[in-house]
Structures are given as C-alpha cells and as structure tokens.
Amino acid sequence: MTDMVLLGDEAVALGAVHAGLTAAYAYPGTPSTEILEYLVRYEKAHGAPKAAWCTNEKTAYEAALGVSFAGRRTMTSMKHVGLNVAADPFMNSAIVSINGGLVVVVADDPGMHSSQNEQDTRYYADFARIVCLEPANQQEAYEMTREAFDLSERFHIPVLIRIVTRLAHSRAVVRVRDARPQQPVRKASEPSSWILLPANARKQWHDLLARQPTFLEWSEASPFNHLRLNEDRRDLGVITTGIGRNYYLENLDELGFQPSHLHIGAYPAPVELVRRLVGHVGRVLVLEEGYPFVERMLRGIVSPDLEILGKESGHVPPDGELTPDIVRRSLGLKARKGLDAPDITLPNRPPQLCVGCPHADSFDAIKLALAGFATPVVTSDIGCYTLGALPPYSAVESCVCMGASVGMAKGASDAGLRPAVALIGDSTFLHSGVTPLMDAVAADTDMTLIILDNETTAMTGGQPTILPPTRIEKLVLGLGVAPAHCHVITAHHRHTEANREIMRKEIEHTGLSVIIAVRECIETLKSKKKA
Amino acid sequence: MKYDIILAGVGGQGVLSVSAIIASSAMKEGLFVKQSEVHGMSQRGGAVLANLRLADAPIASDLIPLGSASMILSMEPLESLRYLKYLSTDGAVITSTNPMVNIPDYPDLEELLGHIRALPHARLVDGEKLARAAGSARATNMVMVGAASHHLPVKVETLEHYIQTVFAAKGEKIVETNLEAFRSGREAAA
Ligand code: SF4
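These notes cover the structure that comes with them.

Cut-offs and rules
- Residues numbered from 1 in each chain as written.
- Chains lettered and ligands numbered in written order.
- Predicted model: local features only at pLDDT ≥ 70, side-chain atom pairs only at ≥ 80, totals over all residues.
- Heavy atoms only, no water.
- Helix = DSSP H or I, 4+ residues; strand = E, 2+ residues; numbered from the N terminus.
- Rg over C-alpha atoms; globule rule 2.2 N^0.38 Å.
- Buried < 20%, exposed > 50% of the residue type's maximum accessible area, 1.4 Å probe, protein only.
- Contact = heavy atoms within 4.5 Å.
- Areas by Shrake-Rupley, 256 points an atom, 1.4 Å probe, with all protein chains shown as cover.
- Lys, Arg positive; Asp, Glu negative; His and termini not counted.
- Charge placed at Lys NZ, Arg CZ, Asp CG, Glu CD.
- Pairing = 2+ DSSP bridges.
- Axes fitted to C-alpha atoms, helices over the stretch in contact; angles between N-to-C directions.
- Core = buried A, V, L, I, M, F, W, Y, C linked by side-chain atoms within 4.5 Å.
- Buried area = accessible area lost by both parts, 1.4 Å probe.
- Salt bridge = Lys/Arg side-chain N within 4 Å of Asp/Glu carboxyl O.
- Polar contact = N/O pair within 3.5 Å; in protein donor to acceptor, adjacent residues only side chain to side chain.
- Nonpolar A, V, L, I, M, F, W, Y, C, P; charged D, E, K, R; others polar.
- Phe/Tyr/Trp six-rings, centres within 6.5 Å; stacked < 30°, edge-to-face > 60°.
- Parallel < 35°, antiparallel > 145°, perpendicular 65-115°, else oblique.
- Left-handed = near helix turned anticlockwise from the far one by under 90°.
- 1 Å grid on protein atoms, 1.4 Å probe; cavity = no way out; pocket = protein on both sides within 12 Å on 5 of 7 lines; lining within 4 Å.
- Points joined across faces, edges and corners; volume = space filled by probe spheres on them.

**Overview of the overall build of chain B**
A tally of regular secondary structure across chain B gives seven helices and six strands. Relative to a compact globule of 190 residues, whose C-alpha radius of gyration would be 16 Å, chain B shows 15 Å and is just as compact. Seen through its C-alpha atoms, chain B measures out along the principal axes to roughly 40 × 40 × 35 Å. The buried share of chain B, reckoned over its 190 residues, is 61%. When contacts within chain B are restricted to residue pairs at least 6 apart in sequence, long-range pairs at least 24 apart make up 63% of them. Just so you have it, chain B exposes about 7200 Å², and 52% of that area is on carbon and sulfur atoms. Averaging the locations of the 17 positively and 20 negatively charged side chains of chain B gives two centres separated by 4 Å.

**A short note on the overall build of chain A**
In terms of helices and strands, chain A carries 20 helices and 21 strands. Whereas a compact globule of 531 residues would reach a radius of gyration of roughly 24 Å, chain A reaches 25 Å, a difference of no more than 12%. Seen through its C-alpha atoms, chain A measures out along the principal axes to roughly 80 × 70 × 50 Å. Scored against the burial criterion, the 531 residues of chain A give a buried share of 60%. Put simply, of all contacts in chain A between residues at least 6 apart along the chain, 79% involve residues at least 24 apart. Put simply, chain A shows about 21000 Å² of open surface, and 55% of that area lies on carbon and sulfur atoms. Separation between the mean location of the 52 positive side-chain charges and that of the 61 negative ones in chain A comes to 3 Å.

**Details of the sheet that holds strand E1 (residues 2–10) of chain B**
Spatially, the eight strands line up as an open sheet ordered E1(A)-E8(A)-E2(B)-E3(B)-E1(B)-E4(B)-E5(B)-E6(B), and their pairing is mixed. Each end of this open sheet is capped by a strand with a single partner; those strands are strand E1 (2–7) of chain A together with strand E6 (122–125) of chain B. Sheet twist, expressed as the average angle between the axes of neighbouring strands with direction ignored, equals 20 degrees. Where E1(B) lies against strand E3 (residues 47–55) of chain B, nine bridges are found, and the strand directions are antiparallel. Following the sheet pairing, B:Val10 is matched in E3(B) by B:Ala47. Contacting E1 and strand E8 (170–176) of chain A, helix H1 (residues 8–18) of chain A runs over the sheet at an angle of about 130 degrees to E1(A). Sitting on the sheet, helix H7 (residues 138–155) of chain A touches E1 and E8 of chain A together with strand E2 (32–36) of chain B, and the angle it makes with E8(A) is about 50 degrees.

**Describing helix H12 (residues 271–280) of chain A**
All of the buried residues in H12(A) are A:Val271, A:Leu273, A:Val274, A:Leu277, A:Val278 and A:His280. The inward-facing, buried residues of H12(A) contact helix H10 (212–221), strand E9 (226–228), strand E10 (237–241), strand E11 (260–264), strand E13 (283–287) and helix H13 (293–301) of chain A.

**What to know about the nonpolar core**
Residue and element names in this part refer to chain A. Counting 112 residues, the largest nonpolar core has Leu-39, Met-75, Leu-133, Val-284 and Leu-331 as its most contacted members. Of all the elements, H7 adds the most residues to this core, at seven residues. Not counting residues within four places of it along the chain, the set of residues in contact with Leu-133 comprises Met-144, Ala-148, Leu-151, Val-159, Leu-160, Ile-161, Arg-162, Trp-218, Phe-224, Gly-265 and Ala-266. Among the nonpolar cores identified, the runner-up in size contains 52 residues, and Ala-360, Val-377, Ala-440 and Val-518 belong to it.

**Re the interface of chain B and chain A**
Between chain B and chain A, the contact holds 46 residues from the first and 44 residues from the second. Across the interface of chain B and chain A, roughly 3900 Å² is buried in total on both sides, 59% from carbon and sulfur atoms. Our count for the chain B to chain A interface comes out at four salt bridges. The shortest N-O distance in the salt bridge between B:Arg53 and A:Glu250 comes to 2.8 Å. The interface formed by chain B and chain A includes 22 residue pairs in polar contact (both at pLDDT 80 or more). Contributing elements (two or more residues each) for the side of chain B that touches chain A: E2, E3, helix H2 (77–82), strand E5 (87–96) and helix H3 (109–117) of chain B. Among the residues forming the side of chain B that touches chain A, the class breakdown is 22 nonpolar, 14 polar and 10 charged.

**Comments concerning the packing of aromatic side chains**
Residue and element names in this part refer to chain A. As enumerated under the stated definition, the model contains 10 aromatic pairs over all chains in all. With 6.1 Å between their ring centres and 85 degrees between their planes, Tyr-61 and Phe-90 make a pair best called edge-to-face. Residue Tyr-61 is located in helix H3 (residues 57–69), and its partner Phe-90 is located in helix H5 (residues 87–93); the two are separated by 29 residues in the primary sequence. Take Tyr-61 and Phe-90: they sit in the same class, and that class is buried. Ring centres of Tyr-267 and Phe-293 lie 5.7 Å apart, and the angle between their planes is 75 degrees; this geometry places the pair in the edge-to-face category. In this pair, Tyr-267 is assigned in strand E12 (residues 266–267) and Phe-293 in helix H13, connecting sequence segments 26 residues apart. Here Phe-293 falls in the buried class, since its relative accessible area comes to 12%.

**Thoughts on the packing of helix H1 (residues 15–28) of chain B against helix H5 (residues 140–148) of chain B**
All names here are of chain B. Look at H1 against H5: their axes get within 9 Å of each other, and the N-to-C directions meet at 40 degrees. By the criterion of interaxial angle, the relationship of H1 to H5 is oblique. For H1 against H5, the interelement crossing comes out right-handed. Where H1 approaches H5, its residues Ser-17, Val-18, Ile-21 and Ile-22 are matched on the opposing element by Asn-141, Met-142 and Val-145.

**What about the side chain of A:Asn137?**
Mapped onto the fold, A:Asn137 is located in the loop between strand E6 (132–133) and H7. A polar atom in the side chain of A:Asn137 sits 3.2 Å from the backbone nitrogen of A:Gln139. Those residues within four positions of A:Asn137 in sequence are excluded, and the remaining contacts are A:Leu167, A:Arg245 and B:Lys34.

**As for empty space enclosed by the protein**
The final tally for this structure, using the stated rule, is four cavities of 30 Å³ or more. For the largest cavity, the calculated volume is near 90 Å³. If you go around the largest cavity, the residues you meet are A:Leu353, A:Cys354, A:Cys357, A:Pro358, A:His359, A:Cys384, A:Asn454, A:Ala458, A:Cys521, A:Ile522, A:Glu523 and B:Arg44. Residue classes in the lining of the largest cavity are distributed as eight nonpolar, two polar and two charged.

**Things to note about the sheet that holds E6(A)**
Whenever strands of a sheet pair, they do so through backbone hydrogen bonds, lying parallel or antiparallel. Residues and elements named next belong to chain A. A sheet is described by the order of its strands in space; here seven strands give the open sequence E3-E2-E4-E5-E7-E6-E12, paired in mixed fashion. The open sheet has two free edges, formed respectively by strand E3 (50–53) and E12, since each of these has just one partner strand. Here strand E2 (residues 21–26) pairs with strand E4 (residues 73–79) via five bridges, running parallel. Bridged to Ala-23 within E4 is Thr-74. Seen against the sheet, H1 touches E2, E4, strand E5 (102–108) and strand E7 (159–164) and runs at an angle of roughly 165 degrees to E4.

Given below as structure tokens:
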C-alpha cells in the first residue's frame, strides 16, 4: 500500500488503472477533465493503458463499448451535460450484455461553477436501470472505481460513478493498493445481445428488468450503504449521500447526540435500509448534493406521517452546492459567523479573455462588420469565446449547449432575423457543430458561420483539438459549402480591417457562408514555448 | 489542532502553487489535509478561492465553514476582503498590497488598504517589490507564503523543502529566486 495525494478526479483515474484498465476515452469538460488528463500522462510515462481524447462524449462512449465488446476493461468520463450528448449509446449500453467492465464516470456541477445547468446524473442511472456508485471522498473514489469494474462484469451492465465538482477538484491522501493486470482479448460470447434489433432488444430489456431485484439485493448488502441506528433517540434520522456526509460529520459534534444515520453510496437506493431507518424515527433529514433524488424516492415509499426534511420541504436549498453551513442550518444548529466585512461594496471579478486572446480580435472585427444592421443576431457556443457575452465585448447573444450556435442561427434565419451569424470554436465545431452545419448546407440557409479556430480546447486547459486547423477548411468544403463563400482569415488585430471587410461581404451575401478565423490560443502557445 | 486557510487571488496569480506547497508541507509533518481548488473557466482572470484545511485528525468537509478559518492568505488586496465571513474573529489576514486591476470598477487602493489595516490581525506586504528584488515579479506568491509562515502550523524548513521540490524542474535559478522571495516575505512580516 502506498499513500498518494490525489484530486478526486485523479483517484478515479488511478482506481481504473489499478483495476486493469485497457483503454479510456473522453471529451474534456470541467469538472471531469483531470480524469483523462491523468490517464494521458500515465500512458506517456508507462506506455499503457491507452488514453485518448475524442471528438465528443458520444464517440468516446462508443469507443469504450468496442473495448468492452472485446472483453477488456474500459472507462469513459465526462461532465454531466456530456452525458446528454452520449445519452444514446449510454441508454442502449444498459441492455447489451456488457463483456469487459465498462465504467462511466460523470462529474456533476452543483452550483454551476463552469456549466450551463445542474442536472443530477443519478437520474440517468435510474433511467437506464443500472447500478450507480457515489463516492464521498478521494479514498472512496479510488475504491469504488476499482469495484465498479467488477460489478460491471458481474452484472453485465455499465456501472456509473457519479462525482461532483467539490470532490473532483479537491485533494487528499489516498491509500492505493496493488494493480491487477489487463484482461486478455475475449470477444463477447453472445454477440446477439449486442445486436439491438427489436427482437433481441426486447429480450435484453426484459432481462435487465428481471435483474433489478438482484441489483437491489446487492445494494442492500453493500458496505457503501451503511445504517447506524441510535436506540436511545427516535426524534431524528439523517440520510446522507455522497459528499453530503462530509458536511454532516463536520457539524455532528455540536449536535450533542448522534442521530440514526443512513449513508447511501450505492444505488439503486437500499429500500430496506431506508425502511428500517424511517421505522425508527419520526423525522428524517435528507442531505444529498444535486436534486432531491433520495428525498423523492422516500416520499414514494414511506407513510405520509413521517416528516421528511429536505430540498422539497425547504429545509435544504433546492439549488447550488451543499456547504457545511447549509447543513448546519438544516440540523437546527445556530449559524456561525465570521469577521464582519467592512462597509464597502466589493466589485465582482468575472472570468475574462486573456490579454492578447485571438477571440478578442475576432470580436472586434465582428462588431465592426455588423455595424448598421437593424436586427442582427449573433449566436454563440461553449468555450472561452462565450466570455464575449460579457463587457467589454457584449458581442454574442446565446449559449445553450455544444453546437447549438449553428442550429440556432439557422432557425433564427429561417424565422426572418437578418443577418444571422453563428460563432463556434474549432473543438466545439467538431464536437457538435458539423451536423447542424449540414442542415444549413442542405438548405443554403442565409447565415454566416464564423469558426473561431484557436487550435485547441482552451477553456478546459488546452487539450488538443481532434483535427488540425488545415483539416477544418477541407471538412467544411467537403460538406458542400461553396468555395467562394468559405474563407480562412487570421484572427489578429493587424488584420481587423481586412477581416471586417470579408465578414461584411459574407454577411451581406444571401446564402450560407463560413469564415474560419485562425490563430493559436496564447496560453497553449506559451506552454509550448516553455517546453 | 485544526487550521483552516482561505487562499484568495485572481486566476493566474499562482494561488494553487501556494496551496500545494503548504499542503505538501503539512502532510510531510503528519497532518491530515484537504485542499479544494478551482479549475476551468472560473480560473480565467476571475476571482479564485482555494480552501485548505489542516488538522491532526481526519477532516470530513472539503469546504471551510463560516467563521472558522484561521487565516486568509491573499495575493492581492481586494480579494482579501471577499471572504471575511469565513474568518474566525481572531483569524489573520495576510495580503499583498499590489492590486490586480483587471476590472473597470476596482475600488480606490488607499481606501481598500485602510479597510484591511483596520482588521484585527492584518499583515500587509509589498509582495511585488520583494519578489522583484528576489529576481522575478512572478514569485510574489512565494513572498506571501513567507509572510504567512509565522502562523502556519508547519516548520520553515519543510516549506523551503517543498518550494525547492515544486520549482526543481524549472532550474536552479528559479528555485533560488523563489526561496529568496519566501525568505524576504518571512522577514517583512516578522
Ligand atoms: S485560454 Fe486561449 S482562447 Fe482562452 S481566453 Fe486565453 S488566449 Fe483566449
């Protein structure tokens, strides 16, 4: 056994390596990025296992499925909204008969530190009717990931690990154990289970449903679910899940007694343990990060006389992260107070583009090119350039999901807004912008797509874009964009006037045009120079 | 023993290196450590907050509760005031006086410094000047580790050891600059 200091993300990555991982795939997304980053570094240093960035979460998931089909252990990691992109293979992978262990790690972002929403991935695990593990600390992140591969092979399902920002990006000592070797290639013995034609799929689905009691039985007995009844006190029971337990323990000393406590780290939630707890107490407080997942389940299975305190009752805020202070309040403890702030308003300091960022020069040119139009619309997407929504640029008007800028500009144009301009980064374009561009090509939509090509996935720390800039022009032309209306320009303030002119001309052109504004992110440039 | 530290600054000021050095030193001395940090978009030139918790018993929460931090260690003045509600009433505020002005409404500097001086246990250090004297303005964050070192529950030698380790890959000269920055920060706050 060795002690290592690891981020929650890194503990997951190392747990997978030590479980005999053969290959891992991902698309970067905060707070999940450091999982694959760790594995990429690990592969460089040790030659294995394989770790690769992919075009998007769906392609990553599908590559992982191929590894599992071949009988070897595989992992795909993503942020919560990434699972929406991979939802198609995810939902279907629940009913193929998983061969080599397949672990899906999804990092949720309660509090929306770097995300568009707060969705709770435990619902996806429930939706797919599979098993889900939720670590509460770095050690559990390591242990549960190891265990998840075994479970996946034992139950022939993908196993989902749900972590949250606060665990993903927090460091602590982790005690690691011996690694097991990779498995040999062993093709799925029952390929029909992987052919989801309706006749097979019905059988597989039926089979998955039939195994639900097995999953539940496992979860009732799992050491990750832990019930402690206090025989002397019957007034309050507490249910924690994931890192909710940490905040509970933080306050426990001051409570003066130990309420009966059920911690849930494995799902399906252990119904019997829940029944035993609620049968013992008159009130239950549920502390879980994300949605009221367990709380809602509780409202379905216990007597209406039981008082349930949680997000739905207003005892815990329905949004944002849990904190020790929120949990304190929900336990009825007196609020703590720190030093009083002096009487002065502190301005906010939002994130912003780096000084010299190529996107800033593109925004300048775009604003000039749009001058004088009465109803222009500029849709945007997800990346550093989303910061163009804030002053001093205030240059874009939307940010919804990966690739949406292209589709939304098409819709806005169809609806009659002129001119319609869509902005998207190179990495996001390849992730989810190519397909809506095909729709625009097919219709020769009157819109201008500006691909802001900084040659990297900058916002998550500079992972390589899956195709180099030279290939993006070829791709765009290959989709059928008219060569006369496809331009590659340099995103630099020296060229602002020339760029404005090209943009203006294409914005005035009736029909589809694409402009690729290329200049490398100064951050990746800097780190290359240092290396 | 329990020592909670709020580390504050702006993305790019090296808050995470500060956190890493203190955390590694504490661990070396047998303390339990939890360190929660900021990644991704929120780091890009925005306000950065790291929670660092040291204790001689296992630590449950990654986040520091209100009113319980023993120290706020800030790379610049405005950010040192943002998290006061986390500081215990007898906690220390240690900050560099050099403002990071990347917003249009940055408050008047003298007024800000006045507010900080009025706090019960404040220490202001001209981090940039000392770092320059040591060889590089980029070492301001190590000046601040030095300034904080009087209060931290870890030995000076251990901190110096980890400064060496963290910068070793960048060459002897960078190591020396950062050690010098650390020492001058320590002296300035003595
Ligand atoms: S990281 Fe790169 S793309 Fe992002 S703001 Fe900085 S220079 Fe621009």
